[in-house]
Amino acid sequence: TNREAVSAKCYFGKMFGTKFYRDDKNDVRNFALNYGYKILASYISKCITARGLLTQLGIHHIGESNAFNLTYDFIEPLRVIVDVWVEENIKDSFNSLVKELNIPTNEDGSIKLDVNGNIEGLDMKLFFNKLRKECLRQGLDSNILEFFTLNEDSPYTELGRANTVMPTYMTNMMSKAQNVCQSM
């Protein structure tokens, strides 16, 4: 049945407003929710395996292709912690960051993107300097800062995306960094 999807629609409608959709890629709250859920799932998986249990063997989640069935059984009652934190912290801080970085937005508040999917009018140097300051403030390892340092020789790729000092084979770290940035 489709009970979980209907319940989720009602729940998120009450939590974030009726115009909120979990699959909306322009809503920063979705990035923050996904990131928060992954942090919880990672910790729960660590606890499960530390006790000699298998994350694949779930109680309610039983998909054969899901290696984290038991993890997602345990995460369900804890998701509300992430949901409340996102509701109380993300939207306002994100909007102030957008204003500070002079990022153009659409009428609905979503960020304007160019044809390549890049943020339209984003000053990459200003953005990466702010990101580095936030990493330093949080006490992140200095080696990680190379992920947030633009390459001075060629700061942009052919598609207009940021080209950082860290080699390109590490770009999946950049997607994680974008999630951190979205939650700033």
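Whatever comes next refers back to the structure up there.
Residues numbered from 1 in each chain as written. Predicted model: local features only at pLDDT ≥ 70, side-chain atom pairs only at ≥ 80, totals over all residues. Heavy atoms only, no water.

## What to know about the pattern of salt bridges
Turning to step 1, where the next piece is worked out: This model, assessed by the stated rule, comprises two salt bridges.
Turning to step 2, where the next piece is worked out: Between Glu76 and Arg79 there is a salt bridge; the shortest N-O distance is 3.3 Å.
Turning to step 3, where the next piece is worked out: Measuring nitrogen to oxygen at the nearest pair gives 3.5 Å for the salt bridge that ties Glu100 to Lys130. With Glu100 in helix α4 (residues 79–100) and Lys130 in helix α5 (residues 124–137), this residue pair connects regions lying 30 residues apart in the sequence. (Salt bridge = Lys/Arg side-chain N within 4 Å of Asp/Glu carboxyl O. Helix = DSSP H or I, 4+ residues; strand = E, 2+ residues; numbered from the N terminus.)

## Considerations on the packing of aromatic side chains
Turning to step 1, where the next piece is worked out: Overall, the coordinates contain four aromatic pairs when judged by the stated rule.
Turning to step 2, where the next piece is worked out: Ring centres of Phe12 and Phe20 lie 5.8 Å apart, and the angle between their planes is 45°; on these two criteria the pair is classed as tilted. Each member of the pair, Phe12 together with Phe20, is buried.
Turning to step 3, where the next piece is worked out: Cluster of aromatic residues (ring-pair linked, three or more members): Tyr11, Phe12, Phe16 and Phe20.
Turning to step 4, where the next piece is worked out: We note Arg22 situated over the ring of Phe12; from NZ or CZ to the ring centre the distance is 5.7 Å. (Phe/Tyr/Trp six-rings, centres within 6.5 Å; stacked < 30°, edge-to-face > 60°. Buried < 20%, exposed > 50% of the residue type's maximum accessible area, 1.4 Å probe, protein only. Lys NZ or Arg CZ within 6 Å of the ring centre and 35° of its normal.)

## Some thoughts on the packing of helix α1 (residues 3–16) against α4
Turning to step 1, where the next piece is worked out: Where α1 meets α4, the closest approach of the two axes is 10 Å, and the angle between their N-to-C directions is 35°. Regarding α1 and α4, the two cross each other, and that crossing is right-handed. Residue-level contacts link Tyr11, Phe12, Met15 and Phe16 of α1 to Val80, Asp83, Val84, Val86 and Glu87 of α4.
Turning to step 2, where the next piece is worked out: Of the residues contributing to the contact of α1 with α4, the split by class is seven nonpolar, no polar and two charged. (Axes fitted to C-alpha atoms, helices over the stretch in contact; angles between N-to-C directions. Left-handed = near helix turned anticlockwise from the far one by under 90°. Contact = heavy atoms within 4.5 Å. Nonpolar A, V, L, I, M, F, W, Y, C, P; charged D, E, K, R; others polar.)

## Let's talk about the environment of Asn89
Turning to step 1, where the next piece is worked out: Within the secondary structure layout, Asn89 lies in helix α4.
Turning to step 2, where the next piece is worked out: By relative accessible area, which is 32% here, Asn89 ends up partly exposed.
Turning to step 3, where the next piece is worked out: Each C-alpha atom, one on Asn89 and one on Arg29, is 9.5 Å from the other, the two residues being 60 residues apart in sequence.
Turning to step 4, where the next piece is worked out: At 2.8 Å, the side chain of Asn89 forms a polar contact with the backbone oxygen of Trp85. (Polar contact = N/O pair within 3.5 Å; in protein donor to acceptor, adjacent residues only side chain to side chain.)

## Points about α1
Turning to step 1, where the next piece is worked out: The first and last C-alpha atoms of α1 sit 20 Å apart over 14 residues, in line with the 20 Å expected at 1.5 Å per residue.
Turning to step 2, where the next piece is worked out: Taken together, the buried positions of α1 are Phe12, Gly13, Met15 and Phe16. Projection of α1 onto a plane perpendicular to its axis shows the buried side chains occupying an angular sector of 165°, all on one side. The exposed set on the far side of α1, more than 90 degrees from its buried face, consists of Arg3, Cys10 and Lys14.
Turning to step 3, where the next piece is worked out: Tucked inside the fold, the buried residues of α1 contact α2 (28–50) and α4.
Turning to step 4, where the next piece is worked out: Immediately downstream of α1, the backbone of Gly17 shows phi near 105°, a positive value. (Expected span 1.5 Å × (residues − 1). Arc of directions from axis to C-beta.)

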